[in-house]
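A look at the structure
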Amino acid sequence: MDLALDSETRAFQQEVRAFLDEQLTPDIREATEKTTTVWVDKDVVMEWHRRLYRKGWVGYFWPKEYGGTGWSPTQQYIFLQECAQASAPRLIPMGLRYVGPVIFTFGTQEQKDTFLPKILSGEHYWCQGYSEPGAGSDLASLKMRAVRDGDEYVLNGSKIWTTNAHMADWIFCLVRTDNSGKKQEGITFVLVDMKTPGIKVDPIITLGLDHEVNQVFFDDVRIPVSNRVGDEGQGWSYGKFLLEFERAGGASGEYKAAIRKLKAIAGSQINGQQSLLRDPHFETEIAKLEIGVMGLEMTERRVMSRVAAGQRPGPEGSVLSATGVEINQRISELAVEAMDYYAAPLPPPDPTGIANDDNYPGPGYGAPVMGRYLNKRAASIYGGAKEIQREIISKAVLHL
Ligand SMILES: Cc1cc2nc3c(=O)[nH]c(=O)nc-3n(C[C@H](O)[C@H](O)[C@H](O)COP(=O)(O)OP(=O)(O)OC[C@H]3O[C@@H](n4cnc5c(N)ncnc54)[C@H](O)[C@@H]3O)c2cc1C
């Protein structure tokens, strides 16, 4: 295992930093830093997406033959770390990281030609239709039906917790085409245009008063059979392939940036005669977080080193997810502690998810704190609930 960066990789790191200095405008950075929701506002993030697209870097994860950079796992990792530490908005993964790789790995030539260029250019904004009421952790229990009718499938049922469905052009769904075998069998992976008649999107407003998730209803929605990816009934294996990308790590850069913000808040808050940053309790809590992030980064680098050597990420994906979520949530808790009673007033919800400090009674840096804290409660659920990640760790790592 080699954790040090060689000179070529350091040169690449410098190139990424130079690009960020030039292209990541103060507006984009500020919007990212004030965002309380998981994803930064669509207009902001797509502006950043287009800047990367013009540079040829948006497909940082994709092979060259499909318009990607062809970067090594190490380069991808460096790129993500640098972007996060510079407060670049995270790129929306549903097209780029999730359905894109499924299409270029299992899709037909027609699907590759139709969808991949539009994912890269940002023309198509995707959402993910996996979970259903009653099928989350136990995803294979999904019930949404797709019944073949000539050259079409007719879809009926609903998907829930669908992030950004209200702004998506397309949704990829796991649907049930057969009930006769084991529950993992008879599942099919399909691509659905959100403008198709019979689709209704209902908002779900969360505790943080934000609108990111939705329930999507499908009522006799007709899609061409050519929108099926791979073989009928084999969707479970394509769906699992996708989840590996969803759980792949690389978040330590984001946590470092979040701790930096937390320290800035604590440094501005006065407790008695001194800044909160000098308070022994607070110092200890921040030190614990920093140690946690160092451990996480080491694990990320170990995984990266393994992937760079041509191996699979392994169960460390679940270690990264479970540990990262705890760090992430703790950062948001400490920010609430730091803001004290000024954390309590939740600024009025803004449809962009960017905290609006106009009517906020405290210092402006406190405006996103409570919204972010509330939004982060969901981090131990989405992308695989933490109990499920721990089950994977107990079986695959600890062999319990
Ligand atoms: C903010 C947010 C965004 C999301 N975005 C999307 C999206 O875009 N697309 C999509 O398809 N889905 C999305 N999801 C859904 C997400 O994947 C599910 O919420 C998640 O898989 C958990 O499923 P569930 O909600 O049905 O909870 P359940 O599976 O019912 O779990 C409830 C609780 O029981 C625990 N539990 C369940 N089974 C076990 C077990 N075997 N052992 C121990 N404990 C267990 C869980 O850990 C959890 O604490 C999102 C969820 C959230 C909160």
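You'll find the structure just up there.
A short tour of the structure in this document, coming up. (Residues numbered from 1 in each chain as written. Predicted model: local features only at pLDDT ≥ 70, side-chain atom pairs only at ≥ 80, totals over all residues. Heavy atoms only, no water.)

Some thoughts on the environment of Tyr-53
By the secondary structure assignment, Tyr-53 is in helix H3 (residues 42-55). Taking relative accessible area as the criterion, Tyr-53 reaches 40% and is therefore assigned partly exposed. A sequence separation of 275 residues divides Tyr-53 from Asn-328, and the C-alpha atoms of the two residues are 29 Å apart. If sequence neighbours within four positions are ignored, Tyr-53 has contacts with Val-58, Leu-120 and Ser-121. (Helix = DSSP H or I, 4+ residues; strand = E, 2+ residues; numbered from the N terminus. Buried < 20%, exposed > 50% of the residue type's maximum accessible area, 1.4 Å probe, protein only. Contact = heavy atoms within 4.5 Å.)

Quick notes on the environment of Ile-381
Mapped onto the fold, Ile-381 is located in the loop between helix H11 (369-376) and helix H12 (386-397). Under the relative-accessibility criterion, Ile-381 is labelled exposed at 57%.

Considerations on the site of the ligand
Within the structure, the ligand sits among 16 residues, and Ser-131, Ser-137, Trp-161, Glu-387 and Glu-391 are positioned closest to it. Here Thr-163 contributes a side-chain N or O atom positioned 2.8 Å from a nitrogen atom of the ligand. Residue Glu-391 places a side-chain N or O atom 2.6 Å away from a nitrogen atom belonging to the ligand. Considering the ligand on its own, with 970 Å² of exposed area, one finds that the protein chains cover 65% of that surface. Looking at which element gives the most residues to the shell around the ligand, the answer is H12, with three residues. For the shell around the ligand, the class distribution of residues is eight nonpolar, six polar and two charged. When residues of the shell around the ligand are sorted by domain, at least three fall in each of domain 2 (126-239) and domain 3 (245-397). (Near = heavy atom within 4 Å. Polar contact = N/O pair within 3.5 Å; in protein donor to acceptor, adjacent residues only side chain to side chain. Areas by Shrake-Rupley, 256 points an atom, 1.4 Å probe, with all protein chains shown as cover. Nonpolar A, V, L, I, M, F, W, Y, C, P; charged D, E, K, R; others polar. Domains from an automatic or database assignment.)

Details of a nonpolar patch on the surface
On the surface, a cluster of nonpolar side chains totalling about 320 Å² of accessible area is made up of Val-397, Leu-398 and Leu-400. Summarising the element assignment, Leu-398 is placed in the segment after H12. (Patch = residues over 30% accessible without salt bridge, like charges linked within 9 Å, V, L, I, M, F, W, Y side chains within 5 Å. Salt bridge = Lys/Arg side-chain N within 4 Å of Asp/Glu carboxyl O.)

Section: the pattern of salt bridges
Under the definition given, this model contains 21 salt bridges. As a salt-bridge pair, Glu-132 and Lys-159 come within 2.8 Å of each other at their nearest N and O atoms. Of this pair, Glu-132 sits in the loop between strand S1 (126-129) and strand S2 (145-149) while Lys-159 sits in strand S3 (residues 152-160); the two residues are 27 residues apart in sequence, bridging distant segments of the chain. The buried category is assigned to Glu-132, whose relative accessible area is 6%. The exposure class assigned to Lys-159 is buried, which follows from its relative accessible area of 0%. Residue Asp-149 pairs with Arg-222 through a salt bridge whose shortest N-O separation is 2.9 Å. Residue Asp-149 is located in strand S2, and its partner Arg-222 is located in strand S7 (residues 211-224); the two are separated by 73 residues in the primary sequence. Relative accessible area serves as the criterion here: at 40%, Arg-222 is assigned to the partly exposed category.

Description of the nonpolar core
If you look at the biggest cluster of nonpolar residues, it comprises 79 residues, and the most contacted ones within it are Trp-48, Leu-155, Phe-172, Phe-189, Leu-191, Val-192 and Phe-218. At seven residues, helix H5 (residues 93-106) tops the list of elements feeding residues into this core. Looking at which domains feed residues into this core, each of domain 1 (7-121) and domain 2 (126-239) gives three or more. Those residues in contact with Leu-155 that sit more than four places away from it in its chain are Met-144, Arg-145, Ala-146, Val-175, Val-192, Phe-218, Asp-219, Asp-220, Val-221 and Ile-223. Ala-266, Leu-320, Val-336 and Ala-343 belong to the second largest nonpolar core, which has 28 residues in total. (Core = buried A, V, L, I, M, F, W, Y, C linked by side-chain atoms within 4.5 Å.)

Some details on the packing of helix H9 (residues 280-308) against helix H10 (residues 316-339)
Two packed helices can be described by the angle between their axes and the distance between those axes. For the pair H9 and H10, the least separation of the axes is 10 Å and the interaxial angle reads 155°. Relative to H10, H9 is oriented roughly antiparallel. Considering the relative orientation of H9 and H10, their crossing is left-handed. (Axes fitted to C-alpha atoms, helices over the stretch in contact; angles between N-to-C directions. Parallel < 35°, antiparallel > 145°, perpendicular 65-115°, else oblique. Left-handed = near helix turned anticlockwise from the far one by under 90°.)

So, H3
Between its first and last C-alpha atoms H3 spans 20 Å; for 14 residues at 1.5 Å apiece the expected length is 20 Å, and the two agree. Looking at H3, one finds that the buried residues are Val-44, Val-45, Met-46, Trp-48, His-49, Arg-51 and Leu-52. On its buried side, H3 packs onto helix H1 (7-23), helix H2 (26-33), helix H4 (73-85), H5 and helix H6 (109-121). Gly-56, located one to two residues past H3, shows a positive phi value of around 85°. (Expected span 1.5 Å × (residues − 1).)

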